[in-house]
Amino acid sequence: MKVLAILYDGGEAARQEPRLLGTVENKLGLQEYLKSLGHELVVCFAPSSLTSILKLSKHIVDAEVLITTPFHPGYLTRPLIEKAKNLKLCITAGVGSDHIDLNAAVDHRIQVLEVSGSNVVSVAEHVVMSILLLVRNYQPAHEMIERGDWQVSDIARNAFDLEGKVVGTIGAGRIGYRVLQRLVPFDCKELLYYDYAPLPPAAAEAVKARRVEDLKEFVSQCDVVTVNCPLHEGTRGLVNAELLKHFKKGAWLVNTARGAICDKDAVAEALKSGQINGYAGDVWNVQPAPKDHVWRTVKNPLGGGNGMVPHYSGTTLDAQKRYADGAKSILQNYIEGKPQEAQNIIIGLGKYETAAFVSSARSSMKTLGSLTLFTALFLNGVVSGTPVVQRAPPFATNPNGLHSKFVAYPGKKYFGTALDADTLQIESDLSVTFTLYAPAHQCLAPQMQWLLQTPNSGHSHRQKNSMKWDATEASRGNFSFARSDTFVEWAVSHNKLIRGHTLLWHSQLPSWVKTISDKETLTSVIEDHIAAVVGRYKDKVYAARKADPNAVLYINDFNIEADNRKLRGLVDLVARVNKATPGTIDAIGIQSHLPTQSGGSAGLETALTIASGAPVQEVAVTELDVTNANAADYAAAVKACLAVPKCVGISIWGITDSVIKILLLACRS
């Protein structure tokens, strides 16, 4: 049996300290145990470079057991799971298995277990420490001493007692409850908790904790908020700009759960403005955190309030002993065919076993809405939607291509290109294999006519227009799908993923649509057109909801590839629409046209992060126009998506000799 362990490089510290068990050097203490049973242990570095990702991709193919830690995780995505034909068991040496695509594990009957309780004491202690550091204004006081200064008033003006404060935990499970227990002696004014399930009456009474069922009401009552819930689609981005508005002015926020539960930029802005007085924790939305990550340096207006550290709260030497022993116990039970401890099982054979994740899975299977949003956006002159389905069908791909490299990163779904019926042969001749975008079918956006043209080895320019309204319905009710059928049939026959582009666009409307002047007729025409186009390609092309209920709705625009009023207006629009009708818009797409000058992609990561702050499931670069950009800018744009957890994919505009040269240069970057 092959056991694959993804651990982090402990370096000289691990060589000097054998109790650093979660490292490549010390192998969780499993090497001799597995060797004595005749099993193979392969240890890889946690994926932080293309080399380590490719090594993981190589060894996952025939591994029967995968062991990871949540501190430097090996991200097990659906494409990797589909490659892992022999994989039966995933063990998280620690607590928190959000680095594994749990839905894919269910589909492939791969069990997922973690060492429940192994780090709960360690993390709970870290939470209390972080609360005290913030409330007592410790960090700037220590920095003052390091500088050789001594001005007590500069520190004391923002230092408080924890006694008499209201402290609340988002999540009252094993860690959240222990935090409440440890806060009892501090004589807080009140202890609150927000959780989908109430504590048993005796447990709540023991810590004198009161449950608040509305999250906004909960945070509005707290002087200190601590996040102690798992990361899943129901909690990703939970603490966002909208929720932070409801915090008490000057409250403190601590997060030792998962970084992505808190919106990176929203938290930074709230701290910088003084809406919150401090933010502390050890979890980051990207790990290891980039050197320029805003959480490393952001402070409150008085120069304090930052208690961020690397992700180590749950990996003290005591915790490492517990989770190493626990991982060995799970492995031993598996080898000997013994039942596992129920509390450790996240995914059993083909089903969820943990209530929090079951709740999340159910909540994400939401009822899809109607097409009324298209009409509303059209009549208000707003941007359009790019619809996509939640789960991609399996598709053929080159394991050495850009797509495979891209989706090996956590949460990434595709690297694609826009093609048309008459450019299919170009793709077939390339050594780099892409997933495919459907022909452009643009919509509603108040923008210039989109006729992007890409040189094709000296041949005439080609426009990706086969599915635009004027091409498919030149006269009302008379549809022509010859060219788009050619494209879709080719893609299906080659087992390609097809992602639908936008359905309506103001610029290439047929003349008969432009003459419509009344709301009712226009609404009917829009709905009929979408139903016809999407209905024809239902379950083949990512599509719109009413005609294809298995869809997620994107809203899409251009000139929002940097922080500007248009982007923030779009984010505000999504927030307002989803507040009025929850779950209407699921994602935001950015059409990115990189300028020719160097540094043209500099603002894209910020733009994607801002878009991620909207109440949406995901964001994507729905067009990355690289024809006139240099390779460095293209590489920077791809890295921008990789750095933003909610960014799931990138599509370029066409593939030709000139573009491929840029891609290959960028890939080497």
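Fair warning: this is a prediction, and the values are worked out from it, not measured in the lab.

Asks: Which parts of the structure should I look at to understand the packing of aromatic side chains?
Replies: Where two aromatic rings form a pair, the distance of their centres and the angle of their planes describe that pair. What the rule picks out here adds up to four aromatic pairs. Measuring from ring centre to ring centre gives 6.1 Å for Y194 and F218, while their planes differ by 40°; the resulting arrangement is tilted. Here Y194, found in strand β7 (residues 190-194), pairs with F218, found in helix α11 (residues 215-221); they are 24 residues apart in sequence, far enough to count as distant. A residue is classified by how much of its surface remains accessible, and Y194, at 23% relative accessible area, is partly exposed. Seen from their ring centres, Y279 and W295 are 4.9 Å apart, and the 55° between their planes marks the pair as tilted. Here Y279, found in strand β11 (residues 276-281), pairs with W295, found in the loop between β11 and β12 (306-308); they are 16 residues apart in sequence, far enough to count as distant. The pair Y279 / W295 is uniform in exposure class, with both members buried. An aromatic cluster is defined as three or more aromatic residues linked by ring pairs; in this entry it consists of Y279, W284 and W295. Directly above the aromatic system of W284 lies the positively charged group of R296, at a separation of 5.9 Å from the ring centroid.

Asks: What is the right way to look at the packing of helix α6 (residues 120-135) against helix α9 (residues 174-183) in this model?
Replies: Geometrically, a packed helix pair is captured by the angle between its two axes and the distance between the axes. Where α6 meets α9, the axes come as close as 9 Å, and the angle between the chain directions of the two elements is 50°. With respect to α9, the axis of α6 lies oblique. Relative to α9, the crossing made by α6 is right-handed. Residue-level contacts link V120, V121, V123, A124, E125, V127, V128 and I131 of α6 to R174, I175, R178, V179, R182 and L183 of α9.

Asks: When you look at the state of the cysteines in this model, what are you seeing that I'm missing?
Replies: Cysteine pairs can be linked by a disulfide, which is a covalent bond between their two sulfur atoms. Under the defined criterion, the tally for this structure stands at one disulfide. Disulfide partner of C641: C647, at an S-S distance of 2.1 Å. Measuring the twist about the S-S bond at about -100°, one finds the C641-C647 disulfide to be left-handed. Among the cysteines around C229, which has no disulfide bond, C262 carries the closest sulfur, lying 8.5 Å off. Looking at C229, the relative accessible area reads 12%, which means it is buried. C262 gets classed as buried once you look at its relative accessible area, which sits at 2%.

Asks: Sorry, what's going on with the environment of K189 here?
Replies: In this structure, K189 sits in the loop between α9 and β7. The exposure class assigned to K189 is exposed, which follows from its relative accessible area of 65%. On a C-alpha basis, the gap between K189 and V167 in space is 8.1 Å, while along the polypeptide they are 22 residues apart.

Asks: It is not clear to me how the pattern of salt bridges should be interpreted in this structure. Could you clarify?
Replies: Pairing is possible between side chains that carry opposite charge, provided their charged atoms lie close to one another. Inspection of the entire model under this criterion finds 21 salt bridges. Residue D62 pairs with K2 through a salt bridge whose shortest N-O separation is 2.8 Å. Here K2 lies in strand β1 (residues 2-7) and D62 lies in the loop between α3 (50-59) and β3 (65-68), a separation of 60 residues in the sequence. K2 sits in the buried class, given a relative accessible area of 11%. With a shortest N-O distance of 3.0 Å, K208 and E205 are connected by a salt bridge. On the basis of relative accessibility, which here comes to 57%, the residue K208 falls in the exposed class.

Thresholds applied
Residues numbered from 1 in each chain as written. Predicted model: local features only at pLDDT ≥ 70, side-chain atom pairs only at ≥ 80, totals over all residues. Heavy atoms only, no water. Phe/Tyr/Trp six-rings, centres within 6.5 Å; stacked < 30°, edge-to-face > 60°. Helix = DSSP H or I, 4+ residues; strand = E, 2+ residues; numbered from the N terminus. Buried < 20%, exposed > 50% of the residue type's maximum accessible area, 1.4 Å probe, protein only. Lys NZ or Arg CZ within 6 Å of the ring centre and 35° of its normal. Axes fitted to C-alpha atoms, helices over the stretch in contact; angles between N-to-C directions. Parallel < 35°, antiparallel > 145°, perpendicular 65-115°, else oblique. Left-handed = near helix turned anticlockwise from the far one by under 90°. Contact = heavy atoms within 4.5 Å. Disulfide = S-S within 2.5 Å. Salt bridge = Lys/Arg side-chain N within 4 Å of Asp/Glu carboxyl O.

Read these as geometric descriptors, not functional statements.
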